[in-house]
There are 2 protein chains.
Amino acid sequence: MKIGEASELSDLPAKTIRYYEDIGLVQSDRLDNGYRDYSKQQIHKLRFIQRSRSLGFTVEQCRTLLSLYDDPDRSSADVRALAENHLEEIEQKIQELAAMRDTLSQLIKSCQGDHRPDCPILNDLAGSK
Amino acid sequence: MKIGEASELSDLPAKTIRYYEDIGLVQSDRLDNGYRDYSKQQIHKLRFIQRSRSLGFTVEQCRTLLSLYDDPDRSSADVRALAENHLEEIEQKIQELAAMRDTLSQLIKSCQGDHRPDCPILNDLAGSK
DNA sequence: ACCTAGCCTTCCACAAACAGGAAGGTTATG
DNA sequence: CATAACCTTCCTGTTTGTGGAAGGCTAGGT
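The residue numbers shown here count from 1 along each chain, following its written sequence. To label them, take the chains in the order written and letter them from A, then take the ligands in the order written and number them from 1. Local features in this predicted model are restricted to residues of pLDDT 70 or higher, and side-chain atom pairs are both shown and tallied only at a pLDDT of 80 or more, whereas totals for entire chains, interfaces and linings draw on every residue. Side-chain measures here rest on the full set of heavy atoms in the structure, leaving out hydrogens and waters.

### Re the protein's contact with DNA strand D
Operational definition: Near is defined per residue: the residue qualifies when any heavy atom it owns lies within 4 Å of the molecule or strand. N or O atoms within 3.5 Å of each other form a polar contact, as long as, within protein, one can give a hydrogen and the other can take it, and as long as residues adjacent in sequence are counted only when both atoms are side-chain atoms. Under the DSSP-based scheme used, a helix requires at least four consecutive residues in state H or I and a strand at least two consecutive residues in state E, with every element numbered from the N terminus. As a working rule, the residues Ala, Val, Leu, Ile, Met, Phe, Trp, Tyr, Cys and Pro are called nonpolar, Asp, Glu, Lys and Arg charged, and the rest polar, with Gly in that last group.
The immediate surroundings of DNA strand D are formed by 18 residues, with K15, T16, Y35 and R53 of chain A together with G4 of chain B found nearest. Expressed as a percentage, the sugar and phosphate content of the atoms of DNA strand D within 4 Å of the protein is 65%. Within the side chain of Y20 of chain A, one N or O atom sits 2.9 Å away from a phosphate oxygen of DNA strand D. Here Y35 of chain A contributes a side-chain N or O atom positioned 2.6 Å from a base nitrogen of DNA strand D. Put simply, the parts of the chain that give the surface near DNA strand D at least two residues each are α2 (14-22) of chain A together with α1 (3-10) of chain B. Ranked by the residues each element gives to the surface near DNA strand D, the list is headed by α2 of chain A, at four residues. Of the residues that constitute the surface near DNA strand D, the class distribution is seven nonpolar, five polar and six charged.

Right under this line is the structure:
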């Protein structure tokens, strides 16, 4: 199976698949003409990565997850620890964004948004109390 | 005032201030020895940028905000539109992260996290239903 | 036989927003 | 006069890809 089909099946752009190969995340076989050739196994890995990335894991975390997946002697505690770590980061990010959201919506509410230059948003950014 | 003090007053690393100058966001005067020299006005701008960045505006948005701030003929509607735009992006990001969080915490909950290799997290990533 | 379309290849450049570090100049102080 | 604490410029690396150039392979149509 060539990269175009692998792309559709894995829901990853061909360019991204080549990139993942570049950084050693997934290998590929080659046809006689030099085209990349993917087995079902490799498509499976690509989908695994796609799913992991969609949950926000970094590429390096995906690398670790893949190696855990490939290791029959893994302990689920390791996987869980990785996931918990990631979850905490996500939750922290949400907190930060929520704080921004709250401040911003306050500011927006207080701004008339008309043709006049007077603007509480700019006043706030400028540090005027 | 030299960059060290400007850094403390603006709560921006000196390195970042130099970077902002590089990309034309804030200028600086120079002393005879070549050191950067900042006026109160310029510190004020740096703080404006710091505050804007802390609310998640991109550097380019900061550039626009600064130019609006400097323009006495601006209309507050323009500022407000920019802020609303940004707010929507933040809210969308929060939605995405919340979805990740929900999925992840479900998966974590379902995983024993012990010495055994059996792991629902990996199973999910692998696409097994 | 030739042309075109649609695949595929490699390689290079760019994105955002800085951080780290090298190599070296300046200034105040002990 | 040496040292510390500033400051300077310049180069590299980070993360995760995307866009494009230049060119090879293959099938189908005329």
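### Points about the relation of the copies chain B and chain A
Put simply, the rule reads: The copies are overlaid by a least-squares fit using only the C-alpha atoms of residues whose pLDDT is at least 70 in both copies. When checking whether two residues touch, look at their non-hydrogen atoms; a contact exists if any pair is within 4.5 Å.
Of the transformation placing chain B onto chain A, the axial shift is 0.0 Å and the rotation is 180 degrees, giving an RMSD of 0.1 Å. In the structure described here, the two chain copies are related by an operation that fits a two-fold rotation axis. Considering only C-alpha atoms, the residue of chain B closest to the rotation axis is I94 of chain B, which sits at 2.9 Å. An overlap of 100% is found between the interface residues of chain B and their copies at the interface of chain A, pointing to a shared contact surface.

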